[in-house]
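What the coordinates show
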Amino acid sequence: MRILSPTVENALASGKAAFVQFIKLAWPSGTQGFNAGTWTIPYGGVDYRGAAGLGAVAAVVDKPGELQGMEFEIGGVDDALMALALDDADQVQDAPINVFTAIMDGGTLQILDVQPDWAGYGDTMIIVEDGVQSSVRLTAEHKGVDLLRGNPSSYSDADQQVLHPGDRCFEYVVDQADKPVVWPERAWYFK
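Residues numbered from 1 in each chain as written. Predicted model: local features only at pLDDT ≥ 70, side-chain atom pairs only at ≥ 80, totals over all residues. Heavy atoms only, no water.

What follows covers the overall build of the protein. Across its full length, the protein carries five helices and nine strands. Listed N to C, the secondary structure of the protein is α-β-β-β-β-β-β-α-α-β-β-β-α-α in terms of helices and strands. Structurally, the protein occupies a C-alpha span of about 85 × 50 × 30 Å along its principal axes. In the protein, which comprises 191 residues, the proportion classed as buried is 27%. Taking the contacts inside the protein whose residues are at least 6 apart along the sequence as the reference set, 50% of them involve residues at least 24 apart. Of the roughly 12900 Å² that the protein leaves accessible, carbon and sulfur atoms contribute 54%. The protein carries 12 positive and 27 negative side-chain charges, and their two centres are separated by 12 Å. (Helix = DSSP H or I, 4+ residues; strand = E, 2+ residues; numbered from the N terminus. Buried < 20%, exposed > 50% of the residue type's maximum accessible area, 1.4 Å probe, protein only. Contact = heavy atoms within 4.5 Å. Areas by Shrake-Rupley, 256 points an atom, 1.4 Å probe, with all protein chains shown as cover. Lys, Arg positive; Asp, Glu negative; His and termini not counted. Charge placed at Lys NZ, Arg CZ, Asp CG, Glu CD.)

Leu25, Trp27, Phe72, Ile97, Trp118, Met125 and Leu138 are the most contacted members of the largest nonpolar core, which totals 17 residues. Where this core is concerned, the elements lending two or more residues are strand 1 (17-27), strand 6 (70-75), strand 7 (96-105), strand 8 (111-129) and strand 9 (134-142). In this structure leucine 25 touches Gly30, Thr31, Gln32, Phe34, Pro96, Ile97 and Leu138, once residues within four positions along its chain are discounted. Of all hydrophobic cores here, the second largest spans nine residues; its members include Phe100, Ala102, Met104 and Val114. (Core = buried A, V, L, I, M, F, W, Y, C linked by side-chain atoms within 4.5 Å.)

Quick look at a nonpolar patch on the surface now. Together, Trp188, Tyr189 and Phe190 line one region of the surface with nonpolar side chains, adding up to about 440 Å² of accessible area. Summarising the element assignment, tryptophan 188 is placed in the segment after helix 5 (173-176). (Patch = residues over 30% accessible without salt bridge, like charges linked within 9 Å, V, L, I, M, F, W, Y side chains within 5 Å. Salt bridge = Lys/Arg side-chain N within 4 Å of Asp/Glu carboxyl O.)

Next up on the list: the environment of arginine 49. Along the polypeptide, arginine 49 turns up in strand 4 (residues 46-50). With relative accessibility at 33%, the residue arginine 49 sits in the partly exposed group. Spatially, the C-alpha atom of arginine 49 lies 9.6 Å from that of isoleucine 23, the residues being 26 residues apart in sequence.

Moving on, we come to the sheet that holds strand 9. The strand order 3-4-2-1-7-8-9-6-5 describes an open sheet built from nine strands, whose pairing is mixed. The open sheet has two free edges, formed respectively by strand 3 (41-43) and strand 5 (55-57), since each of these has just one partner strand. For this sheet the average axis-to-axis angle between neighbouring strands, irrespective of direction, equals 30°. In terms of strand pairing, strand 8 meets strand 9 through nine bridges, oriented antiparallel. From the neighbouring strand, tyrosine 121 faces strand 9, where its bridge partner is glutamate 141. Sheet strands touched by helix 1 (residues 6-14): strand 1, strand 7 and strand 8. Its angle to strand 8, the strand with the most contacts, is close to 80°. (Pairing = 2+ DSSP bridges. Axes fitted to C-alpha atoms, helices over the stretch in contact; angles between N-to-C directions.)

A few words now on the environment of isoleucine 103. Structurally, isoleucine 103 is set in strand 7. Along the backbone, isoleucine 103 and alanine 18 are 85 residues apart, and their C-alpha atoms lie at a distance of 5.9 Å. If we skip the residues at most four places from it in the chain, isoleucine 103 touches Leu4, Val8, Leu12, Ala17, Ala18, Phe19, Gln110, Ile111, Leu112, Asp113 and Gln115.

Before going further, it helps to spend a moment on the pairing of strand 2 (residues 30-35). As judged from the six bridges shared by strand 1 and strand 2, these two strands associate in the antiparallel manner. Among the inter-strand pairings, tryptophan 27 is bridged to a residue of strand 2, identified as glycine 30. Between the end of strand 1 and the start of strand 2, which pair antiparallel, lie two residues. Sheet topology note: the strand 2/strand 4 ladder contains three bridges and is parallel.

A few words on unusual backbone geometry. Backbone geometry follows two general trends: most residues other than glycine have a negative phi, and most peptide bonds adopt the trans configuration. Despite not being glycine, aspartate 94 shows a phi value in the positive range, around 70°. Structurally, aspartate 94 is set in the loop between helix 3 (89-92) and strand 7. Residue aspartate 178 is not a glycine yet carries a positive backbone phi of 60°.

This paragraph deals with the pattern of salt bridges. Using the criterion set out here, one finds three salt bridges in the structure. The shortest N-O distance in the salt bridge between glutamate 73 and arginine 137 comes to 3.1 Å. With glutamate 73 in strand 6 and arginine 137 in strand 9, the pair connects residues that are 64 residues apart, well separated along the chain. Judged by its relative accessible area of 25%, glutamate 73 falls in the partly exposed class. As a salt-bridge pair, glutamate 171 and arginine 168 come within 2.5 Å of each other at their nearest N and O atoms. Since its relative accessible area comes to 34%, glutamate 171 is described here as partly exposed.

Rendered as structure tokens:
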């Protein structure tokens, strides 16, 4: 459940609220931001460049039990993003990507609140050409896929020594396996 401030509730009730979608791409070389409007909007230290008509974002689909990925397409891209798609695939893989909805005052265009819609990690970036123009298509995985990955370590002394050398908490785990523990002993109840 999302909680909105009274200022946002009043703007929504008056019908004078404006909405814009933000996309934040946090590459290791720097953060890029795009918005669904036509002008640049600064927010949270990132300038979200207007990409209206230049890009497309797949619909955010939330279904119980499913972790939906996202697909973004940006046309008319600058040289830095084109170079990233061509040469630096390692920067795209696992780079944090967030999609937000900004609620703005319709009159002043001041940002009242920003609500998260989707969060994940970059997967692939390819260049799409149709003979007239080229664009960059980015696919991303939902951040929940981390929960589906297994943990390669176990509760053993060897793994504990790798993580915390000198820690002896798992030293006797093998000796204690399959040994019955009776506490307190039976005689205690007959006193």
